[in-house]
Each structure stands twice: as C-alpha cells, then as structure tokens.
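Topology and contacts: notes
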Amino acid sequence: MNPDRLIALAAALWLLAVVLGCVGYGRVIARSALALGAAAIVLAALWQLPGGMLPITTWPGVVGGRFQLAPDALWLLLFGAIAAFFATALGTPAAHWRSWVVGAGLSMLGALGCFGLQDAIGFLVAWEVMSLGGAVLLIGERLGATREGHGLLFMLALLEVGAVALLAAMLLLAHSVGSIDFVAFTSLATHPADGHMLLIGVLLLIGFGAKLGLLPFYEWYPGAYGQGSGASGALLSGIVLNAAFFALERAFTLWLPGGGLLAIVTVAVGVLSAILAVLYAFQEDDWRRLLAFSSAENAAIAVTLLGASQVFRGEGLLALASLGFVVALLHLAGHALAKGALMLAADGSFHATGSYAVNQQGLMRHSPWLYGVGVVFAGMSLAAMPPQAGFVSEWFTFQTLFQGFHLSGLAGRLTLSLAGAGMALTAAIAFATFVKLVGLGILGRPSSSSVPGVGRLHAMACGLLGLGVLALAVGMPWWLQGLNDVVASDFAGQSSAALHKGWILVPLTDTFAFISPTLLVIVCPLLALLPLALLFRARRRFRVRRAPVWYGGCPAPPHGMTTALSFSNAMRTFYRFVYRPANEIRHEHSGSAYFVRQVHHRADVSPLFEAAVFRGPTHMVQWLAAKLSPLQSGNMNIYLGLVGLLLVLIMAVALI
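This write-up is about the structure you can find in this document. Numbering of residues starts from 1 in every chain and runs along the sequence as written. A pLDDT threshold of at least 70 governs which residues receive local features in this predicted model, and a stricter bar of 80 or more applies before side-chain atom pairs are shown or counted, although totals over entire chains, interfaces and linings include all residues. The basis for every side-chain value is the complete set of heavy atoms in the structure, and neither hydrogens nor water enter the calculation.

By nonpolar core is meant a set of buried Ala, Val, Leu, Ile, Met, Phe, Trp, Tyr and Cys residues that side-chain atoms within 4.5 Å join together. The buried label applies to any residue whose accessible area, calculated with a 1.4 Å probe on protein chains only, is under 20% of its type's maximum; exposed applies above 50%, and partly exposed to all values in between. Core analysis: the biggest nonpolar cluster contains 204 residues, and F245, W287 and Y371 have the highest contact counts within it. No other element matches the 22 residues that helix α13 (residues 318-353) contributes to this core. In what follows, residue pairs with any heavy atoms lying within 4.5 Å of each other are defined as contacts. Apart from residues no more than four positions distant in its own chain, Y371 is found in contact with W287, A345, S349, L363, M364, I442, V454, A459 and C462. Secondary structure follows DSSP: runs of H or I at least 4 residues long count as helices, runs of E at least 2 residues long count as strands, and numbering of each begins at the N terminus.

Structure follows, in structure tokens:
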C-alpha cells in the first residue's frame, strides 16, 4: 500500500469514527478507528520522508482543488500523529465518549486538511472543522473544577477572532494574485515588504496565533484544557497545534517577502508570549492547565524562530534562515512527543487519585517503572535538560539567535539580541516549572499510603512516548535527513545536513559551537560507573544511617510537605506586577465567632489581558444582549412589526 492510500485510509477511518460517534454505536470500534488512522499517518509519513507527496486532485473542476503533503507537513504530521495514536487508543476518562470520539475525528480530519489542501476555500473549511472538533472534543468531558463551559466559550470566541483575521488575509492574498490557489500566492514572495504585505502578515499572525496561543490568545488555553482530559490535551498540543504552525510557516516562508517590520514584530510577539505563558505555567497547580500554558510557550518559541528566519531571509542570509526554519520544526517535533507523554501521565494520575492536582502523592511508589521514565524524560525535554530533544532544539534556538551579528541592520541585530535574553528567561522558568511538576506530581511523600498506582496502559503509553523523546534526540543526525528536501526547495539549495557532522550537531559550522546527544548517551553511563563503584565500596565499609528530614528539630508532620503554591510563591512575589496575585481567606466558625473550626485559603493570579482587552467587549456584548432580549419575548406583535419594517425596507430599496 502506497502512502497516498494510507492517507486516504486514515481519513476514512476518522470519518467512520465520527459517524459511529454520531449514531452512538460501537465505542470500541470508533476508538480503534481513530487510533488506526493515526497509525496509518505515521506509516505514511515515515515511508515518504524526506520527500513530499505528489499532488492529488480532490475536487475536479475547482481551481486549486488539490491535496498535497510537503515534507515539512509530513514531519509535523508524523510526530503529532504518534501522540494522537496513544491518546485515541487510551481514550478519555470522561463518560461522554460519543462527543469525544466525534470531536477527535473532526479535529484530526481538519488538521489533515490544513496540512494538505492547496486552496484558500478548502483550507478555511478545514480550519473551521478543526476548531469545531476541538470544541466538541471538550464539551462532553466537563472535567473542570469550576465554571464549566466558560473556558470553552472563551476559546471559541477567540478562535473566531482568528478566523475572521484569516478570512481577511486570504481575501487580500487572493485579490492580489487573482486566484485562490496557494501556488499563485507564492508569487508575492518577490514583492517588496511594503504596507500591504505587512497588513497581510499581521492578519495571518493574528489568525494562526489565536490557535498557537500567542499573546493575548494564550489566555484561553488553561480554561479550555482544564475542562478536558489529558488525552484531549495530547491532541490539541500535538497534531492540532502542529497544523496551525505549519500553516503559519508556509505563509511566512513561501507567500510573504522576508525581512521588514513583520519579521521584527513576529520575533517580539513570540518572545513576549513565551515569557508570559511560562510565567503563568509556573503558578498552576493542575496538570492540564500547567501543560496548556507550556504548549503556548513552546509554540511561541517556534514562532520566534520563524521570525528570526524571516529576519535573516530579508538580508539574503539563506543558510541562517534555513537554520531557524529547521530548528522550529525540530522543536515542535520534540514538543509533540513530550507533551503527549505528560498529558497521558496526567490522565494516569487522575485514574489513580481522582484529581489532576499537582501535589505530593507518591505515585511512583506503586506505579510501573515505565511511568516514571516517561514523565522524567518528557519533563527533562520540556525543561531543556540534556540529552533530551528539548535540550537539542533549545540549544539550536540560542545558536540561531546568537548569529544576529551577521546582520547588517541595527534593528535586526538588536531584535535577536533581546530575543536571546528573553529565551534565556523563558528557559530558566521552564526548568523550575518542570522541576515542580515532576517533583510534586509523581514524587514526594504521600499523606497516606492508600494512593494506588497508575494503570499499566497509561504507564506504557507515557513511557514509550518518553523514550521516543530520547530517541529523537539521540538519532538527531539521522532525523535531520527527513528535512533535506524542504530546506533545499524553500531556501535555494540549502541543506539540513549542514546542521550535523557525523554524530555532532552544529549550527552550520563546528567552529561556532557543537553538541552531541548521541555521544552523551554513550559516554554518560560510562562516566557514571566511577561514582557507582565508589558508592558500592563506601556502602561496604560504612553503615548506612537513616534519619528524618530536618524540620526545626521536630519530626516532620504530614502537613509540612511542600505544596505547589509554596513552591511558586517566591516567583509570584517577584513578578507580582505581571501576576497581580489575589488571596482569599474564609473562616468557618463553630457557633461563636471566637471559635474557628476551619480556615480556607485560596490564592490565584489575574490574567494580564482580561481586564484590558477582553472585559470591555464582553460587557458590550452583554449590554447588547440585554437590549435585544425583547426580540426573544415571544410577543407576536413585535414579530409582526419587524416583518412589516422589513417589507418597508425592501420596497424602499426597490424604489431607489
């Protein structure tokens, strides 16, 4: 079976799952169809890389009615589909499986359309199907603690803002070239970076940024993700997010000219989004909400790299432009695997404890070892610790931004210098965030010994995805070959092979910097033999003495363990101008106010853009709804009056 048929099989299986979910029959068959479709995508992508797929006619007679997967589309689709396979195979812990299956099928069908459709109309339809699928995916779960449905409506509202911006951008692009075919859009890449191109670029950045979580759109992430399961989060953070980034990088790389103000704006938006998203991620005490902000942060890092690529392309530095482009693709590949592992680890925690809270539960005491391997490896990757894939991509990120001295313009050099400082802050906070998640989420001493372990299926899925993150890093010199063709076609003969020399990874040249995760995996275990031998010898000569942790000279009580709030309180205090923290203390009394039975403390942070950007339009819509509410009163006289007014207007237009 060739790759084209595998792609068609995947689409047919996902469509079958949607139909079964709609009729409410065949839960196991529907979930199996979703997983088998994702597996078919993985096989097709592995089969076809490093080349792309030949165009397929989707609807004859329509201009641009073609489907084609470029190598960069196959790359992002591959790693998103790997996470989707495990997520759909395990399913959701919520009871409403029908809406989840329909939403998952629509999301993946829409994402496949965004990756492959080659005309503006087909793409916009696929984009809306993908957004609708995400909403249906979450609407039946209702796993949020409070304000169920609010986060979902907020997500839909902001995504529609992005959809309007995308529609406007596509109309401008189609008007400029006289066609809706994406091939025709590429002719604009040779135009000067004038105000018209800047407007189109900003509209595209808003449209795709609404899905990627660029500021201020990242504020819908925690509410929406916090209502769903980890399996839903794995789909939204993997194949859906990768589809949105592919659409943005295709537009910026192939349709628009490089350089100019748009490239600087893109870098600035990406850096600020990454900093704010990771700051809010550090404060979360829910697995899904923390990982949601982390997804926005990693998407923003990829957008920053895309902006840096545009800065270099504007000055004709195609080798450096291809470096930023490739690193963005590497970063999202590792992110899809690592985020899938942690999202499914969150579901495993929920099955074991009944909660998604990040606290000391000692899950590793009774869970399979693969669960710990998956969480630690994925957490290391997202914290940019060697030798994981996240470390490789973030190391490449800094090497890309450090190349700003090659630019001749002061604006470009200053932009990349400040971006490097912003990425350093982001990396430091991300490191602390995942120390908190891993340290408190699966380790620590539980308050009771009755906490059960994580199930074998979730442990296996989490472990395999975590090992996949390591495999991506260790095999990076070989994985880079999968991007050779797209780099050569988009950047005039450049090659991704320039990013490695044998087993060593280099930023185009080994005289600037180099690392080798492949050698690290071989050498580090050998180096560990020496301290292990010393430890073994010491244990034979000296008796091991065990003592309780120092707690002011007193035995450590169970309530004295570290919580997510206490871990992040110092950062909350230091960055209070961003967080604007709110504390609420409520007392419960026993009869008299003098006898306090219980004290409830709630600490929260305020969204940065809610009051300044979103609250005004929200109040305006509520005011209009109140004023227009008489139209829904059911009064027949009002309806007849409206019909009469409409007839008068029609007659007036006819007379004019």
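Two quantities define a packed helix pair, namely the angle between the axes and the distance from one axis to the other. All axes here are fitted lines through C-alpha atoms, helices being fitted over the stretch that makes contact, and every angle between N-to-C directions spans 0 to 180 degrees. Interhelical geometry of helix α11 (residues 260-283) versus helix α16 (residues 410-441) gives an angle of 15° and a closest axis separation of 9 Å. With respect to their mutual orientation, α11 and α16 come out roughly parallel. Between α11 and α16 lies a crossing whose hand is left-handed. From α11, I264, V267, V271, A274, I275, V278, L279, A281, F282 and Q283 reach across to α16, where they touch A411, T415, A419, G422, M423, L425, T426, I429, A430, A432, T433 and K436. For the contact of α11 with α16, the per-class residue count stands at 16 nonpolar, five polar and one charged. Each angle is binned into one of four classes, with values under 35 degrees roughly parallel, values over 145 roughly antiparallel, values of 65 to 115 roughly perpendicular, and all other values oblique. A clockwise turn of the near helix away from the far one marks a right-handed crossing, whereas an anticlockwise turn of less than a right angle marks a left-handed crossing. Only Asp, Glu, Lys and Arg are considered charged, only Ala, Val, Leu, Ile, Met, Phe, Trp, Tyr, Cys and Pro nonpolar, and every remaining residue, Gly among them, polar.

This part takes up the packing of helix α1 (residues 3-23) against helix α4 (residues 97-116). Put simply, α1 and α4 touch, their axes get as near as 8 Å, and they point 150° apart. When the interaxial angle is binned, α1 and α4 end up roughly antiparallel. In terms of crossing hand, the pair formed by α1 and α4 is left-handed. Facing α1, whose interface residues are I7, A11, W14, L15, A17, V18, L20, G21, C22 and V23, α4 presents W97, R98, V101, V102, G105, L106, M108, L109 and L112. Taken together, the residues of the contact of α1 with α4 break down into 16 nonpolar, two polar and one charged.

Ring geometry is summarised as follows: Phe, Tyr and Trp rings, the Trp one being its six-membered ring, pair when their centres sit within 6.5 Å, and such pairs are stacked at plane angles under 30 degrees, edge-to-face over 60 and tilted between the two. In the structure shown here, the tally under the stated rule is 27 aromatic pairs. Between F123 and F182, the ring centres sit 6.1 Å apart and the planes meet at 65°, which makes this aromatic pair edge-to-face. In this pair, F123 is assigned in helix α5 (residues 120-139) and F182 in helix α7 (residues 182-185), connecting sequence segments 59 residues apart. Of the two residues, F123 and F182, both sit in the buried class. When the ring of Y221 is compared with that of Y225, the centres are 5.3 Å apart and the planes differ by 10°; the resulting orientation is stacked. One end of the pair, Y221, and the other, Y225, are both in helix α9 (residues 221-225), four residues apart, so they sit about a helical turn from each other. By relative accessible area, which is 1% here, Y221 ends up buried. Each residue in the set F123, W127, F182, F185, F208 and W255 is aromatic and connected to the rest through ring pairs, giving one cluster.

As a further point, take the pattern of salt bridges. For this document, the term salt bridge refers to a Lys or Arg side-chain nitrogen within 4 Å of an Asp or Glu carboxyl oxygen. Using the criterion set out here, one finds four salt bridges in the structure. Between D181 and R66 there is a salt bridge whose closest N-O contact spans 3.0 Å. Linking D181 in the loop between α6 (150-177) and α7 with R66 in strand β2 (residues 66-67), this pair joins segments that are 115 residues apart in sequence. Between D510 and K501 there is a salt bridge, with the nearest N and O atoms lying 3.6 Å from each other.

Spanning 20 residues, helix α3 (residues 71-90) covers 29 Å between terminal C-alpha atoms, matching the ideal 28 Å at 1.5 Å per step. Most of α3 is tucked away, with 17 of its 20 residues classed as buried. G91 sits one or two positions beyond α3 and adopts a positive phi of about 80°. Expected span of a helix: the number of residues minus one, times 1.5 Å.

Examined against the element boundaries, D286 turns out to sit in the loop between α11 and α12 (287-314). The definition of a polar contact used here is a pair of N or O atoms within 3.5 Å, where within protein one atom must be able to donate a hydrogen and the other to accept one, and adjacent residues in sequence count solely through side-chain atom pairs. A polar side-chain atom of D286 sits 2.9 Å from the main-chain amide nitrogen of R288. Leave out the neighbours within four places in its chain, and D286 touches Y356 and V358.

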